[in-house]
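# Results of the structural survey
If you want the building blocks of each chain, they are given just below.
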Amino acid sequence: MTRSDLAGISAKSLAGRHALVTGASRGIGAEIARTLAASGARVTLVARDRHRLAPLAAELDAQAIACDVTDAIALGQAFATAAGAQHVDILVNNAGGAETAPIARTEPELWARMLGLNLTAAYTASRLAIPAMVADGWGRVVNIASTAGLKGYAYASAYVAAKHGLVGLTRSLGLELAKTGVTVNAVCPGYTDTPMLQDAAQGVATKTRTTPDRVIETFAAANPMGRLVRPAEVAAMVAYLCSDAAAGITGAALPIAGGEV
Ligand code: NDP
């Protein structure tokens, strides 16, 4: 590897690679898809709403597949479609969501939804993607966890448990695949400026009789830098982890949170 390879991510360092990004229609996932495409990867976009996927698919000249990642059969079909021309070299498990409730109101259905979306879908997708990566001797799995995978947050026990589980899955697969050329890492953003955060702020504002802007101020204050994380900052870390320069990093859970953890 030359010094310029090690220096980072050249403009087309992912040329020839096929990346599948879940939850790619908006927020962090859309930014990851843009960044991987700018690094030269062919990108497949996955989310449930095909109409919301269409503009980004056109922008990136990418394949878009409408699929609920919590439906294992549908996800299997999505992978079969995506891998039709070329197997998936890079899997970004980004689809996720945060429902909050005190434990007394964390019903089994909410618990199962949070684990299904934030943890089990990544397990299912990893099993679909990893065998071809191992056979090829090269692969990247990047799980978008959260600071909620590294510390607790009140009223978010199901989400926090699921994200801790995702970090555990990452650490175990990192070790299991350490000699195969396939790396598995987690990125753990703090409060990030996305539609999900805006929805959460709206929900908290309604419950606590304040304004969404005030709630966002409290989210930003949780970050020692006093601001929200930008989706592009998460995407840059993902692109780095996918590059050959990051071949020595696996099983890691990397916070992007201004020092919050
Ligand atoms: P958004 O809600 O803004 O976007 C979520 C994306 O996931 C959308 O494209 C959505 O599209 C898709 N999606 C949701 N459910 C499913 C499903 N069942 N199957 C397939 N796709 C689905 O979220 P963010 O960009 O904020 O979050 C992305 C990831 O980052 C999540 O894992 C989240 O937990 C994590 N994260 C976010 C933080 C934040 O503050 N925003 C902080 C830390 C981590 P569609 O609805 O069409 O399916």
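One structure accompanies this document, and this report is about it. Numbering of residues begins from 1 in every chain and follows the order in which that chain's sequence is written. pLDDT decides what is reported in this predicted model: residues at 70 or higher carry local features, side-chain atom pairs at 80 or more are listed and counted, and totals for whole chains, interfaces and linings draw on all residues regardless. Think of the side-chain values as coming from all heavy atoms in the structure, minus any hydrogens and water.

As a further point, take the sheet that holds strand β2 (residues 42–47). Strand pairing in a sheet takes place through backbone hydrogen bonds and is either antiparallel or parallel in direction. A pair of strands is treated as paired once DSSP finds two or more bridges between them. Put simply, DSSP marks the helices as runs of H or I at least four residues long and the strands as runs of E at least two long, and each gets a number from the N terminus on. Judged by pairing direction, the sheet is parallel, and its seven strands sit side by side in the order β3-β2-β1-β4-β5-β6-β7 without closing on themselves. Each of the sheet's edge strands pairs with one partner strand only, and the pair in question is β3 (63–66) and β7 (253–256). Direction aside, the axes of adjacent strands within the sheet are offset by 20° on average. Here strand β5 (residues 139–144) runs beside strand β6 (residues 182–189); their pairing, made up of six bridges, is parallel. Across the sheet, Ile144 pairs through a bridge with Val187, a residue of β6. Along the sheet, helix α4 (residues 72–82) contacts β1 (18–22), β2, β3 and β4 (90–93); its crossing angle with β3, the most-contacted strand, is approximately 165°. For this analysis, residues touch if any pair of their heavy atoms sits within 4.5 Å. To obtain each axis, a line is fitted to C-alpha atoms, and for helices this fit is confined to the stretch in contact; angles are then taken between N-to-C directions over 0 to 180 degrees. Contacts from helix α5 (residues 108–136) reach β4, β5 and β6 within the one sheet, and its direction differs from that of β4 by about 170°.

Our focus in this paragraph is the packing of aromatic side chains. Classification of ring pairs uses Phe, Tyr and Trp, with its six-membered ring standing for Trp, and accepts pairs whose centres are within 6.5 Å; under 30 degrees between planes counts as stacked, over 60 as edge-to-face, and the remaining range as tilted. In the structure shown here, the tally under the stated rule is two aromatic pairs. Geometrically, the ring pair formed by Tyr191 and Phe219 is stacked, given 4.4 Å between the ring centres and 10° between the ring planes. In this pair, Tyr191 sits in the loop between β6 and α7 (195–208) while Phe219 sits in helix α8 (residues 212–222), placing the two residues 28 residues apart along the sequence. Aromatic rings pair up to connect Tyr153, Tyr191 and Phe219 into one cluster.

We now examine the site of the ligand. For this purpose, a residue is taken to be near a molecule or strand whenever a single non-hydrogen atom of the residue falls within 4 Å of it. For the ligand, the set of nearby residues contains 30 residues, the closest of which are Ser25, Arg48, Asn94, Tyr159 and Thr194. What qualifies as a polar contact is a pair of N or O atoms within 3.5 Å, subject to a donor-acceptor requirement within protein and to the restriction that residues adjacent in sequence count only when both atoms come from side chains. Between an oxygen atom of the ligand and a main-chain N or O atom of Ile28, the distance comes to 2.8 Å. For the ligand, the protein covers 94% of the area, taking 890 Å² as the surface of the free molecule. At the level of elements, α2 (27–38), α6 (157–176) and α7 are the ones that each hand at least two residues to the shell around the ligand. Top contributing element to the shell around the ligand by residue count: α7, with three residues. Just so you know the grouping, Ala, Val, Leu, Ile, Met, Phe, Trp, Tyr, Cys and Pro go in nonpolar, Asp, Glu, Lys and Arg go in charged, and all remaining residues, Gly too, go in polar. Grouping the constituent residues of the shell around the ligand by class yields 15 nonpolar, nine polar and six charged. For accessible areas, the Shrake-Rupley method is used with a probe of radius 1.4 Å. Any residue's cover is judged against the shown protein chains and nothing else.

Now for the environment of Ala246. With respect to the helices and strands, Ala246 occurs in the loop between α9 (231–242) and β7. Apart from residues lying up to four places away in sequence, Ala246 is in contact with Arg140, Tyr240 and Leu241.

Moving on to empty space enclosed by the protein. Here a cavity is any set of points on a 1 Å grid over the protein atoms alone where a 1.4 Å probe fits but cannot get out, and a pocket is any open set with protein on both sides within 12 Å along at least 5 of 7 lines; a residue lines the site when it has an atom within 4 Å of a point. Grid points are joined across faces, edges and corners, and a volume is the space filled by probe spheres set on the points. Across all of its chains, the model carries one cavity of 30 Å³ or more by this definition. Roughly 80 Å³ of internal volume is contained in the largest cavity. Taken together, 13 residues line the largest cavity, and the ones lying closest to its centre are Asn93, Asn94, Ala95, Leu117 and Ala122. For the lining of the largest cavity, the elements supplying multiple residues, two or more each, are α5 and α6. The dominant element in the lining of the largest cavity, judged by the number of residues it contributes, is α5, at five residues.

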